[in-house]
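# Per-entry structural report
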Amino acid sequence: MSERPVQFSDRGGWWLAQARPHPALRAFLRSYDGYWETLAAPSRRRTVPTRTTVTIINLGPPLYLEVPGSGGRVHGSFVAGMHDGHGMYRSPGGQRGIQLDMTPLGSYTLFGVPLARFTNDAVDLADLLGRGAQMLVERLAAAPSWGERFDLLDDFLLRRLADGPAPDPEVARAWRLLNRDLAVTVADLAAEVGWSRKHLTNRFREQAGLPPKVMARVLRFQRAVELLSGGTGLADAASAAGYYDQAHLNREFRALSGCTPTELIAGERPAGAAR
């Protein structure tokens, strides 16, 4: 029986089981988020760009997922790549599974493929991991506790970490700089890492899924979402996230999420499905 500490919380129609991954994995994802829906009613939800890929290990009914530019498909377990637009998922209810929000470069290493292959798209877990994906899902479904499920994920991801490709040091440095300073330009990044702008843009997009300029746009949007979710006013959030003014923030929210900031925050829901 696992001795891993697991926190449980009731999110109003959802239960969430959370635990920290192995220390060697924490640079790539903050937590394991297990979830199950107690009110099994059909639902639909908007998806928006985030600073992470989203992996859903589905232990319940399939989801219908629609992502920008690629139409919609039914998925069991899947990985949603980096996005610069909004989409939608539809559930018949009774969701149950585990969500992993991984950094793009962590996903590059742990899944072993360039993220550019599924930018603005989602791919079945089996298409990335082969037969090992089905075996993983079956073992997770059969595990008697959430702690033991998270132990299984540790073992699986640590093996992937040992065998996976490392991102270029220049790409990794550019990623850190982008996260540190949302106002940094591609020219600044190229000068910092010693590459041309074109070469940096191409390599960064290949490994992280989005070009650095677009990634900065997504990171700025996510920063604004975090501020607004915490109660910061629109004007202050716009300034703190690096927008010219509130009108600029409103335009970016329309472009990236398909709705206004107020509509997006009002419709937010705790973790437990693609977000």
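Scroll up a little and you will see the structure.
Given the structure is predicted, the values throughout are model-derived calculations rather than measurements. (Residues numbered from 1 in each chain as written. Predicted model: local features only at pLDDT ≥ 70, side-chain atom pairs only at ≥ 80, totals over all residues. Heavy atoms only, no water.)

### Here's the deal with the sheet that holds strand E9 (residues 87–91)
Reading across the sheet, the 4 strands line up as E4-E9-E6-E7 and stay open at both edges, with antiparallel pairing between neighbours. The strands lining the two open edges of the sheet, one partner per strand, are strand E4 (43–47) and strand E7 (72–75). Put simply, the sheet's adjacent strands are angled 20° from each other on average, direction ignored. Across 5 bridges, E4 lies against E9 in antiparallel orientation. The residue bridging Arg-46 from the neighbouring strand is Met-88, located in E9. (Pairing = 2+ DSSP bridges. Helix = DSSP H or I, 4+ residues; strand = E, 2+ residues; numbered from the N terminus. Axes fitted to C-alpha atoms, helices over the stretch in contact; angles between N-to-C directions.)

### Remarks on the nonpolar core
Core analysis: the largest hydrophobic core is formed by 55 residues, its most contacted members being Ile-57, Leu-100, Leu-153, Phe-204 and Met-215. Once you skip the residues sitting within four places of it in the chain, Leu-153 turns out to touch Tyr-32, Ile-57, Ile-98, Leu-100, Leu-136 and Leu-140. Counting residues in hydrophobic clusters, the runner-up holds 15 residues, among them Val-48, Leu-228, Ala-238 and Cys-259. (Core = buried A, V, L, I, M, F, W, Y, C linked by side-chain atoms within 4.5 Å. Buried < 20%, exposed > 50% of the residue type's maximum accessible area, 1.4 Å probe, protein only. Contact = heavy atoms within 4.5 Å.)

### Let's talk about the pairing of strand E1 (residues 7–10)
In this structure, E1 lies alongside strand E2 (residues 14–19), joined through 4 bridges in antiparallel fashion. Bridged to Phe-8 within E2 is Ala-17. Hairpin connection between E1 and E2: a loop of 3 residues separates the two successive antiparallel strands, and Gly-12 in this loop has a positive phi of roughly 75°.

### A short note on the packing of aromatic side chains
For the coordinates displayed, the defined rule picks out 7 aromatic pairs. With 5.9 Å between their ring centres and 35° between their planes, Trp-146 and Phe-150 make a pair best called tilted. Of the two residues, Trp-146 and Phe-150 are both situated in helix H4 (residues 146–163); the distance of 4 residues between them amounts to about one turn of the helix. By the burial criterion, Trp-146 is buried, and Phe-150 matches it. Here a set of aromatic residues connected by ring pairs shows up, and it is made of Phe-8, Trp-15, Tyr-32, Trp-36, Trp-146 and Phe-150. (Phe/Tyr/Trp six-rings, centres within 6.5 Å; stacked < 30°, edge-to-face > 60°.)

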